Protein chains: 2
Amino acid sequence: MSRPHPLHSITAEEITKASTLLKAILRERHGPDFKFRFKNVSIQEPPKALLLPYLDAEAAGVDTRYRPFVPRCADIVWTSSHERTLCQSTISLDSFTEVGRIQAAPGQHSSLDRDEMRKSARRILDDNLVKEAIKKLKLPESCVVQCDCWPYGADRDSTLETHKYIQGLLYARAPNGHPESNQYSFPLPFSPVLDIFEDKIVRLEPLASGGKEDGLKYHTATEEPMAHCVENEYYPGLQSSKTRDDVKPLHVEQPEGPSFTVTDTNCVSWQKWRIRVGFNYREGLTLHDIRYDGRPMFYRLSISEMTVPYGDPRSPFHRKQAFDLGDAGAGSTANNLALGCDCLGTIKYFGGWLNNEDGEPVEAGNVICLHEQDGGIGWKHTNHRTQGVAITRARNLIFQSILTVGNYEYIFAWIFWQNGNIEMETRATGILSTSLIDPGKTSEWGNVVSPGVLAANHQHLFSLRVDPMLDGHNNSLIQEESIPVPQSEDENPHGNAWRVVKTPFAKSGFADASPFTNRCFKIVNESMRNPVSGNPVGFKLVPQPCQLLLAGQNSVVRKRARFAEHHMWVTRYRDGDLWAGGRWTNQSLQETDGVADYASRDEDVRDQDIVIWHTFGMTHNPRVEDFPVMPVEVSTISLKPADFFTANPALDVPQSTQAVNKSTLVVQSHPGVSHKPTPSSAGCCHARL
Amino acid sequence: MSRPHPLHSITAEEITKASTLLKAILRERHGPDFKFRFKNVSIQEPPKALLLPYLDAEAAGVDTRYRPFVPRCADIVWTSSHERTLCQSTISLDSFTEVGRIQAAPGQHSSLDRDEMRKSARRILDDNLVKEAIKKLKLPESCVVQCDCWPYGADRDSTLETHKYIQGLLYARAPNGHPESNQYSFPLPFSPVLDIFEDKIVRLEPLASGGKEDGLKYHTATEEPMAHCVENEYYPGLQSSKTRDDVKPLHVEQPEGPSFTVTDTNCVSWQKWRIRVGFNYREGLTLHDIRYDGRPMFYRLSISEMTVPYGDPRSPFHRKQAFDLGDAGAGSTANNLALGCDCLGTIKYFGGWLNNEDGEPVEAGNVICLHEQDGGIGWKHTNHRTQGVAITRARNLIFQSILTVGNYEYIFAWIFWQNGNIEMETRATGILSTSLIDPGKTSEWGNVVSPGVLAANHQHLFSLRVDPMLDGHNNSLIQEESIPVPQSEDENPHGNAWRVVKTPFAKSGFADASPFTNRCFKIVNESMRNPVSGNPVGFKLVPQPCQLLLAGQNSVVRKRARFAEHHMWVTRYRDGDLWAGGRWTNQSLQETDGVADYASRDEDVRDQDIVIWHTFGMTHNPRVEDFPVMPVEVSTISLKPADFFTANPALDVPQSTQAVNKSTLVVQSHPGVSHKPTPSSAGCCHARL
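Calculation criteria
Residues numbered from 1 in each chain as written. Chains lettered and ligands numbered in written order. Predicted model: local features only at pLDDT ≥ 70, side-chain atom pairs only at ≥ 80, totals over all residues. Heavy atoms only, no water. Helix = DSSP H or I, 4+ residues; strand = E, 2+ residues; numbered from the N terminus. Rg over C-alpha atoms; globule rule 2.2 N^0.38 Å. Buried < 20%, exposed > 50% of the residue type's maximum accessible area, 1.4 Å probe, protein only. Contact = heavy atoms within 4.5 Å. UniProt positions renumbered as here; feature names shortened; annotations may be inferred. Polar contact = N/O pair within 3.5 Å; in protein donor to acceptor, adjacent residues only side chain to side chain. Pairing = 2+ DSSP bridges. Salt bridge = Lys/Arg side-chain N within 4 Å of Asp/Glu carboxyl O. Least-squares fit on C-alpha atoms with pLDDT ≥ 70 in both. Buried area = accessible area lost by both parts, 1.4 Å probe. Axes fitted to C-alpha atoms, helices over the stretch in contact; angles between N-to-C directions. Expected span 1.5 Å × (residues − 1). Phe/Tyr/Trp six-rings, centres within 6.5 Å; stacked < 30°, edge-to-face > 60°. Lys NZ or Arg CZ within 6 Å of the ring centre and 35° of its normal. Disulfide = S-S within 2.5 Å. pLDDT = per-residue confidence, 0-100.

J.: Before we move on, can you summarise the overall build of chain A with the specific residues and values?
T.: Within chain A, the regular secondary structure consists of 8 helices and 33 strands. The C-alpha atoms of chain A give 28 Å as radius of gyration, which agrees with the globular expectation for 689 residues (26 Å, within 12%). For chain A, the spread of C-alpha atoms along the three principal axes comes to 80 × 80 × 60 Å. When each of the 689 residues of chain A is scored for burial, the buried share is 69%.

Pasting the structure below:
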């Protein structure tokens, strides 16, 4: 078998080979009874210095046989003796040797994996202490109690170094509830903490269910504390309301097939774009070696991390802070997408490979979907003198991936435009994380979204990682602002002028959004000038001016997620600097080797190989409408060419005509109304040249 | 013929009747030679006090015959004796009498209309002074010079009271250019000012074509100042680049027709929504009497005004400030939309009626289109325990209207979601307003987008007007912010908590966006409580934190557009308070009777009939990519229910299944690649209940 492309995600064969090798090495060194566990087996992306010449050769049309050799390595995260030791091994897939191993420091813990969570949930529910506590709640006999395993979060707690915990959040299904019954409307008022290393329940933590009047105190225990909770279903067939029957079918058809082609398994060509698709357990969907019309644009695009801190101060809720990539993994939790359900139109799927705790490959089915969408009008102008119309519709290319992280889902979509724009769209949906609230009470820390159900305020803060290569690998980052010029006879006699003030970054560091000064950030190549404007070729990123971390300056929450302290970071590229919140986020007491550390190296970033990081997201104070399942909350970040091209790159998109688009005219007749289509309905197309 | 619904836009018959009556009145009073001119004939919307009982009766299902009588009046804007007098007459269409007349104050000027602009352009180009000045430019013989008529803008100029001007912006078509050739790449370096009352060219204003090195000075005259300009075409067939041939057709089909129905000409019912569509010359598309599942939501939604100030300080560029609604009219400039060109799918069109200078009706063809779109995933959750998937796709309903205001176009779309969201999407496209720049020079006041072509920095600031009636007509506006709670043992021991601070508006006034405190504004009905949360039922508006007016405190630009000084305004409802920038914006020296004046009445707005105004938009410092025609710049404002409903209103949307959606799987085979669809491609649907 030929070697996969250096940017191909790991194959089943490679997982097996790498795991088998590591097993052999460990058994040889530590004996046949040595206990260890595979966490994640993935590809270690090649060093840029080796990969770049390969990609440039590829772009230049050099045949595979004559491209430079790029080593291919697997990255294995594993733990020994019940996770007390956490290691990362690098396995050469060329020489079949372990070429490197790093042992994590005490207090650094690996992410939670599915096997672990499934087993832990069972362990918790089977525990006698837990069973007894459930009995005291006097739930109806027919209620099934279920357990969601959460990362423990962190606190000033000296045991975190040597213990790894899981926080069990317990919920009941409605009496006689279907397996798909919505457990989140029956939250139990206590939470078991499981010590994974010791395999025992450490304690049951009572959960406050009081209201405004109770401050930080816990609820007043009642005989049947959950008696006021009611069934509130989202699953089809279980909902109390009738399904709408007036949504008429809408089909998207491409009779000649899609406009994209996929070659070499993961190389997508579409409308002058060329993009390599990647997938790994941690970041899920990644995009590489993005070129337009042959010009290099971006070396790598990814969502690097996210943190979801909750705002309820009542212990242990204060520890609720998920790092959905570092604690769980966007690839590990990626949905297997289904034709006609998750995606509409003409769809191409990409799969990937994950692994189980024994290091065996586990197929991750359709984890990425690719399709085209109509993007509405792309550009239009009517000549008012002649009424001559020129109009195009925008066609977009969408890479989509969906994560289920416990109760929540995130839909990530990279959207490519013919006009050179790249958008990162996130849709937050799924189910709110809930806790019990006493009857009749309300809370300062969230909203009552169903009887007895409090949905706590929380934030979702994402880190978008942009590794540019605009016409070459040495780029700069420039902050631009529009600043009024003071009124004066010499410069601005009428007071209408402003100046675009440009501030390049000399050293790695950070900056914040500033929408009222129209602050934007331009990634530019200062050695390449736009022949029309004379400006360096560039791309623009307008940071989303989201509210940043609300947690206090000295809080553990903040120390763990320093990436979320600023909207923008610029760092000098180094191999492996991939994770904004650091490699090991689970139970971390502080962000280690995250973007704040990368930035603090104080390196030169002007006309260098740089990486840009953008923190975006939202403060989500829940609405009643967000329950029992949340309508998508959509948020979009754009990268737009800014003097990268010499004209509108979508200028050459064919005109939008009825001959191609085949739309249908609605002529509805109702009593007293006659609708006569005006002659112009026949189409602007007639007036065309 | 039965009387039209009170919210029906004016009919051809009504225009004729009202104009004929006014003509008769004026001729009778002033004699048969009295010279006057019709500017705009439209419906004067009925007083709310009269219309409301009618709408409530209608909503209650009362037959037309038994609903209260609502008078129907035409609103005629007209001028006498070459516009020196500007009047607005109210004509009762029931009694055929002039029931009111207002004479505008000196200095208040009507908008420019198409007849006027066409005639003025001819007048300017035929002028000998102009012809002579053109000759001096030594353009090739085959260049045709064309004139765009601009509002003069304003300056501290005492003649503005008694004179009405047009500023001619002159451009040449490329040598031997086609009538559709892009004139904006050949901007002439002088601008004639036409006095409309006097019907004469007042002066030719030289236009600066210098660069950074020239400050406010004008260009150094050269022999052939435009010799470095080159053809830069956008029109199909004229472009120098070949049209792309790899965009495959994409059809949107609704085999069972659309999910909406239209009754009574302009009443749209769709997915529990009911909406009345309106159209008038000034605002274009308006929406009225919006209800969901029978519950009143919004009395009226509209774009009320926009201002486009330019940032070039060199006179006369400083006067470039268009009010595209007040100076031109979103209805007057609305495109006649074409099936398959402007709209894709199954499309319903609405037409309207405008008038010419003689008061005769002029059909405005398909000025509004209505269709459904797939809105991507609406909500999804996967039960991680069972892998049971629940997923819906969002269906959206779109009302779209497109304006061409000289060089620019705006695409306005109101987007309704099944989940209760209402979005206002604007797409700015069209062609940049350009001026000449000397060879090799660059400017601080804009960007060189084509050889010799400077596109000046400018702003687009819109005013969205929201007249709510959430479960009744007395509503309140509440500002909400998420503010960290100081860390303390008593309240926030771990530093993770924040508080949602709510500040109701007691008096009419304004506020600004504040994204870093997560500021949002909730329109609520304090007498109606959500039974689940106990909060007042409401809708949320997160203001777009755009950069506001950049013009200086004492500038005329700012005085004319005070609505653009703040992001949010709340006013007490009064009939006729419709225009954020005041009724008469053309050549205004200050905003008169605009939203700042409405707000300064200092009226009680808590639990009252209120109106909310949101200023949004962008500072547009042009990119080279924005020429020769600009890719759409998209911006969206959302109104979202916030504790208005007792659950996700889109909960009952049917599940997304392949059986209905009929998507197509792409199986591409390429050398060395075999793609086998995984079993799950068959659809999540199989796992369904």
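Now that the structure has been shown, we can carry on.
J.: Before we move on, could you go through the side chain of Asn396 of chain A and cite the residues and values that matter?
T.: Residue and element names in this part refer to chain A. Checked against the element boundaries, Asn396 lands in strand E18 (residues 389–405). The exposure class of Asn396 is buried, given its relative accessible area of 6%. When near neighbours in sequence (up to four residues on either side) are disregarded, Asn396 contacts Trp270, His371, Glu372, Gln373, Gly375, Ile415, Phe416 and Trp417.

J.: Give a detailed account of the UniProt feature "modified residue: 2',4',5'-topaquinone" (unreviewed entry) in chain A, specifying residues and quantitative values.
T.: All names here are of chain A. According to UniProt, the positions carrying the feature "modified residue: 2',4',5'-topaquinone" (unreviewed entry) are Tyr408. Tracing the sequence through the fold places Tyr408 in strand E19 (residues 408–417). Discounting chain neighbours no more than four positions away, the residues touching Tyr408 are Tyr310, Leu403, Thr429, Gly430, Ile431, Leu432, His458, His460, His620 and Met630. At 3.4 Å, the side chain of Tyr408 forms a polar contact with the side chain of His460.

J.: Help me get a handle on the pairing of strand E22 (residues 446–450) of chain B, residues and values and all.
T.: Residues and elements named next belong to chain B. The element E22 is largely enclosed, with a buried count of 5 among its 5 residues. As paired strands, E22 and strand E23 (residues 453–456) are joined by 4 bridges and run antiparallel to one another. Counterpart to Val448 in the pairing with E23 is Leu454. A loop of 2 residues connects E22 with E23, the two strands running antiparallel in sequence, and Gly452 in this loop sits at a positive phi of about 80°.

J.: Can you lay out the pattern of salt bridges for me, pointing to particular residues and giving the numbers?
T.: Think of it this way: side chains of opposite charge can pair up when their charged atoms draw near. Residue and element names in this part refer to chain A. Counted by the stated rule, this structure contains 108 salt bridges over all chains. The salt bridge involving Arg291 is made with Asp56; its shortest N-O contact spans 3.1 Å. Taken together, the residues span a long stretch of sequence, with Arg291 in strand E13 (residues 284–292) and Asp56 in helix H2 (residues 48–59) at a distance of 235 residues. A relative accessible area of 5% means that Arg291 is categorised as buried. Taking the relative accessible area as the measure of exposure, Asp56 reaches 36% and is therefore partly exposed. Residues participating in the shared-partner salt-bridge network are Arg37, Lys39, Asp113, Glu116, Lys119, Lys164 and Glu357.

J.: Which residues make up the relation of the copies chain A and chain B, and what values go with them?
T.: You can overlay chain A on chain B at an RMSD of 0.0 Å; the transform is a turn of 180° with a shift of 0.0 Å along its axis. The symmetry that links the two subunits is that of a two-fold axis. Among all residues of chain A, the minimum C-alpha distance to the rotation axis is found for Val252 of chain A, at 2.3 Å. Same-surface contact between copies: 100% of interface residues of chain A are shared with the interface of chain B.

J.: So what's going on with the interface of chain A and chain B? Residues and values would help.
T.: Every contact between the two is made by 205 residues of chain A and, on the other side, 205 residues of chain B. Approximately 16400 Å² of surface area, both sides summed, lies buried where chain A meets chain B, with 53% of it carried by carbon and sulfur atoms. By the criterion of area lost to chain B, the three top residues of chain A are Arg244, His251 and Trp498 of chain A, representing 6% of everything that side buries. At the boundary of chain A and chain B, one finds 10 salt bridges. On the surface where chain A and chain B come into contact, there are 114 residue pairs in polar contact (both at pLDDT 80 or more).

J.: If you had to explain the sheet that holds strand E32 (residues 630–642) of chain A to someone new, which residues and values would you point to?
T.: Strand order in the open sheet formed by 11 strands is E26(A)-E25(A)-E28(A)-E29(A)-E32(A)-E20(A)-E19(A)-E18(A)-E17(A)-E16(A)-E33(B), with mixed pairing between adjacent strands. A single partner strand is all that each edge strand has here, and the edge strands are strand E26 (498–504) of chain A together with strand E33 (664–665) of chain B. As paired elements, strand E20 (residues 422–430) of chain A and E32 of chain A share 8 bridges and run antiparallel to each other. Note on E32 of chain A: the bridge partner recorded for Thr426 of chain A is Ser635 of chain A.

J.: Got a sec to walk through the sheet that holds strand E1 (residues 36–44) of chain B? Specific residues and values, please.
T.: All names here are of chain B. Across the sheet, which stays open at both edges, the 4 strands sit in the order E1-E2-E3-E4 with antiparallel pairing between neighbours. Looking at the sheet topology across the chains shown, the edges are occupied by E1 and strand E4 (97–103). Pairwise comparison of adjacent strand axes, ignoring direction, gives a mean angle of 20° for this sheet. Packed on one face of the sheet, helix H1 (residues 12–30) meets E1, strand E2 (73–80), strand E3 (85–92) and E4 and runs near 135° to E1.

J.: Explain helix H3 (residues 114–125) of chain B to me, and be specific about the residues and the numbers.
T.: Residues and elements named next belong to chain B. Between its first and last C-alpha atoms H3 spans 17 Å; for 12 residues at 1.5 Å apiece the expected length is 16 Å, and the two agree. Restricting attention to buried positions, one finds in H3 the residues Asp115, Glu116, Ser120, Ala121 and Ile124. As for H3, its buried residues are in contact with E1, helix H4 (128–136), strand E5 (145–151), strand E6 (165–172), strand E7 (190–195) and strand E8 (200–206). Where H3 begins, one side-chain oxygen reaches toward the backbone nitrogen of Asp115, 3.1 Å away; that side chain belongs to Asp113.

J.: An account of the environment of Gly440 of chain B is requested, with residue identities and associated values reported.
T.: Note on placement: Gly440 of chain B falls in the loop between strand E21 (434–436) and E22. Considering only alpha carbons, one finds Gly440 of chain B and Ser588 of chain B, 148 residues apart in sequence, at a separation of 37 Å.

J.: I'd like a description of helix H1 (residues 12–30) of chain A, backed by residues and values.
T.: Residues and elements named next belong to chain A. Here H1 is 19 residues long and its end C-alpha atoms lie 27 Å apart, about the 27 Å a rise of 1.5 Å per residue gives. Within the span of H1, buried status applies to Ala12, Glu14, Ile15, Ala18, Ser19, Leu21, Leu22, Ile25 and Leu26. Tucked into the core, H1 has its buried residues touching strand E1 (36–44), strand E2 (73–80), strand E3 (85–92), strand E4 (97–103), strand E16 (346–355) and strand E17 (361–382). After H1 finishes, the residue Gly31 shows a positive phi value of roughly 90°.

J.: Run through the packing of aromatic side chains, naming residues and quoting values.
T.: Inspection of every chain in the model, using the stated rule, returns 44 aromatic pairs over all chains. Between Tyr234 of chain A and Tyr235 of chain A, the ring centres sit 6.2 Å apart and the planes meet at 85°, which makes this aromatic pair edge-to-face. Tyr234 of chain A gets classed as buried once you look at its relative accessible area, which sits at 2%. A centroid spacing of 5.8 Å and a plane angle of 20° characterise the contact between Tyr408 of chain B and Tyr410 of chain B, whose relative ring orientation is stacked. Like Tyr410 of chain B, Tyr408 of chain B is buried. Counting every residue linked through ring pairs, the aromatic cluster contains Trp273, Tyr292, Phe298, Phe399, Phe416, Phe539, Phe644 and Phe645 of chain A. Directly above the aromatic system of Tyr152 of chain A lies the positively charged group of Arg319 of chain A, at a separation of 3.6 Å from the ring centroid. The positively charged end of Lys320 of chain A is found above the aromatic ring belonging to Trp150 of chain A, 4.9 Å away from the centroid.

J.: Tell me about the pairing of strand E25 (residues 476–484) of chain B, residues and numbers included.
T.: Looking along a regular strand, one sees the side chains alternate between the two faces of the sheet. All names here are of chain B. Counting buried residues along E25, 7 of its 9 residues qualify, which places the element largely inside the surrounding structure. The pairing of E25 with strand E28 (residues 520–529) spans 5 bridges and is classified as antiparallel. Bridged to Leu477 within E28 is Ile523. Across 7 bridges, the pairing between E25 and strand E26 (residues 498–504) is antiparallel. For Pro484, the partnering residue across the bridge sits in E26 and is Trp498.

J.: A description of the state of the cysteines should follow, citing residues and the corresponding values.
T.: All names here are of chain A. Scanning the model with the defined rule gives 0 disulfides over all chains in all. Here Cys143 is not cross-linked by a disulfide; its sulfur's nearest cysteine counterpart is in Cys229, at 9.7 Å. Left unpaired, Cys343 is separated from the closest cysteine sulfur, that of Cys369, by 3.1 Å. The exposure class of Cys343 is buried, given its relative accessible area of 1%.

J.: I'd like to hear about the confidence of the model for chain A, residue by residue, with values.
T.: Residue and element names in this part refer to chain A. Mean pLDDT over chain A works out to 94, with 96% of the residues at or above the 70 mark. The low-confidence segment residues 670–683, where pLDDT is below 50, has 24 contacts with residues more than four positions distant or belonging to other chains. Low pLDDT, under 50, characterises residues 685–689; the predicted model gives this stretch 16 contacts beyond four residues in sequence or across chains. Interface scoring of the predicted complex returns ipTM 0.96; its pTM is 0.97.

J.: Go over unusual backbone geometry, please, and point to the residues and values.
T.: Here the residue pair Phe627 of chain A and Pro628 of chain A is connected by a cis peptide bond, since its omega of 0° sits within 30 degrees of zero. Its location among the elements puts Pro628 of chain A in the loop between strand E31 (610–620) and E32. One non-glycine residue with positive phi stands out, namely Gln271 of chain B, at about 45°. Topologically, Gln271 of chain B is positioned in the loop between strand E11 (267–270) and strand E12 (273–280). A positive phi angle is found at Asp602 of chain B, which is not glycine, with a value near 55°. Within the fold, Asp602 of chain B resides in the loop between helix H7 (595–599) and strand E31 (610–620).

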